[in-house]
Amino acid sequence: MKKLQHLKQQMNLLRWNATGMQIEQLLHQAQEQQPSYLEWLLGITQCEIDYKHEKAMERRLKKQVYRSNTNSITLTLAIQMVYQLNN
């Protein structure tokens, strides 16, 4: 158990968050499927790449929504100012 905890700590230091969270499941799958070392490493690195790609997409989407909301607020204020100037 100490080795598993140590592995999780190392993954956290490397910021391999997805792999660290799923390492027990990944190890269990490796015991059942018995992939080669290379296949297993490819699998865990792909897991982390997919996770980081997903998080990056989420950040971009949130940023876009924020920009859209900011632009909507700015447009609304501009319309209100024009309306006030015309009245």
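Residues numbered from 1 in each chain as written. Predicted model: local features only at pLDDT ≥ 70, side-chain atom pairs only at ≥ 80, totals over all residues. Heavy atoms only, no water.

### Side note on the side chain of T19
- Within the secondary structure layout, T19 lies in helix α2 (residues 17-33).
- Since its relative accessible area comes to 0%, T19 is described here as buried.
- Apart from the residues lying within four places of it in its own chain, the contact partners of T19 are M11, L26, I44, C47 and E48. (Helix = DSSP H or I, 4+ residues; strand = E, 2+ residues; numbered from the N terminus. Buried < 20%, exposed > 50% of the residue type's maximum accessible area, 1.4 Å probe, protein only. Contact = heavy atoms within 4.5 Å.)

### Some words on the confidence of the model for the chain
- When pLDDT is averaged along the chain, the result is 85, and 83% of the positions lie at 70 or above.
- The secondary-structure element of the chain with the lowest mean pLDDT is helix α3 (residues 37-86), recorded at 80, while helix α1 (residues 2-13) shows the highest, at 93. (pLDDT = per-residue confidence, 0-100.)

### Some thoughts on unusual backbone geometry
- For R15, which is not glycine, the phi torsion reads 65° and is therefore positive.
- With respect to the secondary-structure elements, R15 resides in the loop between α1 and α2.
- R15 sits in the exposed class, given a relative accessible area of 60%.
- At Q34, a position not held by glycine, the phi torsion is positive, near 50°.
- Of note, Q34 is situated in the loop between α2 and α3.
- When its relative accessible area of 66% is taken as the criterion, Q34 is described as exposed.

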